[in-house]
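# Close look at the chain arrangement
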Amino acid sequence: IMEVINYSILRNNLKEVLDKVSDEQETYIVNRGNSNAVIISLDEFNSWKETLYLLSTEANRKSLDAAIERDKNGEFLVRDLIEE
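What counts and what doesn't
- Numbering of residues starts from 1 in each chain and follows the order in which that chain's sequence is written.
- A pLDDT threshold of at least 70 governs which residues receive local features in this predicted model, and a stricter bar of 80 or more applies before side-chain atom pairs are shown or counted, although totals over entire chains, interfaces and linings include all residues.
- Only hydrogens and water are set aside when side-chain values are computed; all heavy atoms of the structure are taken into account.
- For helices the rule is a DSSP run of H or I covering at least 4 residues; for strands it is a run of E covering at least 2, with both sets numbered from the N terminus onward.
- As defined in this context, the radius of gyration uses C-alpha atoms, and a globule is described by 2.2 Å times the residue total to the power 0.38.
- Exposure is judged per residue with a 1.4 Å probe applied to protein chains only, and the accessible area is read against the type maximum: over 50% gives exposed, under 20% gives buried, and values in between give partly exposed.
- Residues count as neighbours in contact if any of their non-hydrogen atoms are within 4.5 Å of one another.
- Working definition of accessibility: Shrake-Rupley area with a 1.4 Å probe, residue cover restricted to the visible protein chains.
- A positive count includes Lys and Arg, and a negative count includes Asp and Glu. His and the chain ends are not counted in either.
- Positions of charges follow a simple convention, taking NZ of Lys, CZ of Arg, CG of Asp or CD of Glu.
- Grouping buried Ala, Val, Leu, Ile, Met, Phe, Trp, Tyr and Cys residues that are joined through side-chain atoms within 4.5 Å yields what is termed a nonpolar core.
- Note on definitions: salt bridges are taken to be side-chain nitrogens of Lys or Arg within 4 Å of carboxyl oxygens of Asp or Glu.
- Any two strands between which DSSP finds at least two bridges are classified as paired.
- Axes here mean lines fitted to C-alpha atoms, for a helix over just the part in contact, with angles spanning 0 to 180 degrees between N-to-C directions.

## Structural notes on the overall build of the protein chain
Each helix and strand counted, the protein chain has four helices and three strands in total. Traced from its N-terminal end to its C-terminal end, the protein chain shows the element sequence β-α-α-β-β-α-α. Compactness check: the protein chain gives a C-alpha radius of gyration of 20 Å against a globular reference of 12 Å for 84 residues, more than 25% above the reference. Along the longest, intermediate and shortest principal axes, the C-alpha atoms of the protein chain span 55 × 35 × 20 Å. Evaluated residue by residue, the protein chain yields a buried proportion of 12% over its 84 residues. Sequence-distant contacts in the protein chain: of pairs separated by 6 or more residues, those separated by 24 or more amount to 29%. Looking at the protein chain as shown, the accessible area adds up to about 7,400 Å², and 53% of this sits on carbon and sulfur atoms. Seen as two clouds, the 10 positive and the 17 negative side-chain charges of the protein chain have centres 9 Å apart.

## Here's the deal with the nonpolar core
Grouped together as the largest cluster of nonpolar side chains are seven residues: I5, L10, V17, V21, Y28, V30 and I39. When residues of this core are traced back to their parent elements, those giving at least two are α2 (14–24) and β2 (27–31).

## Details of the side chain of E26
Locating E26 in the fold gives a position in the loop between α2 and β2. Nearest to the buried, unbridged E26 among oppositely charged side chains is K20, at 5.8 Å. What E26 contacts, discounting residues up to four positions off in sequence, is I1, E3, K20, V21 and I39.

## Remarks on the pairing of β2
Where strand β1 (residues 2–6) meets β2, five bridges bridge the pair, whose relative direction is parallel. Residue pairing in the sheet places V4 in a bridge with I29 of β2. What sits between the antiparallel neighbours β2 and strand β3 (residues 36–39) is a turn of four residues, in which G33 has the positive phi angle 80 degrees.

## Here we look at the sheet that holds β1
The strand order across the open sheet formed by three strands is β1-β2-β3, and the pairing between neighbours is mixed. The open sheet has two free edges, formed respectively by β1 and β3, since each of these has just one partner strand. Averaged over neighbouring strand pairs, the angle between their axes works out to 25 degrees when direction is ignored. As paired elements, β2 and β3 share four bridges and run antiparallel to each other. For V30, the partnering residue across the bridge sits in β3 and is A37. In this fold α2 packs onto β1, β2 and β3, with an angle of close to 145 degrees to the strand it touches most, β2.

So yeah, pure geometry; function would need other evidence.
And the structure:
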C-alpha cells in the first residue's frame with residue numbers, strides 16, 4: 001500500500017511516518033508540488049537493489065528464468081542438510 005502525503009503533513013508527523021515505514025513496511029509518496037519523492041524502508045530498498053543486481057546481466061536473467069521454469073515443472077531435488 002502506498003500513501004500519498006504532502007510535505008507539510010510529513011514534517012508535522014515525521015516520527016509516526018518513519019515508524020510506519022520501518023515497522024509496517026508502509027510506503028509513502030511525498031507530494032512536493034513540483035516534484036515527488038518516495039519513502040521506503042531500508043529492507044525494501046535493499047530488496048530492490050538485490051533484484052536489480054540479479055537481473056543486471058542477460059546471463060543472470062536467463063539462469064533465473066530457467067530455474068523458475070524448472071521449479072514450476074517440479075524439476076528440483078530435495079536434499080537433507082548435512083549437520084556437523
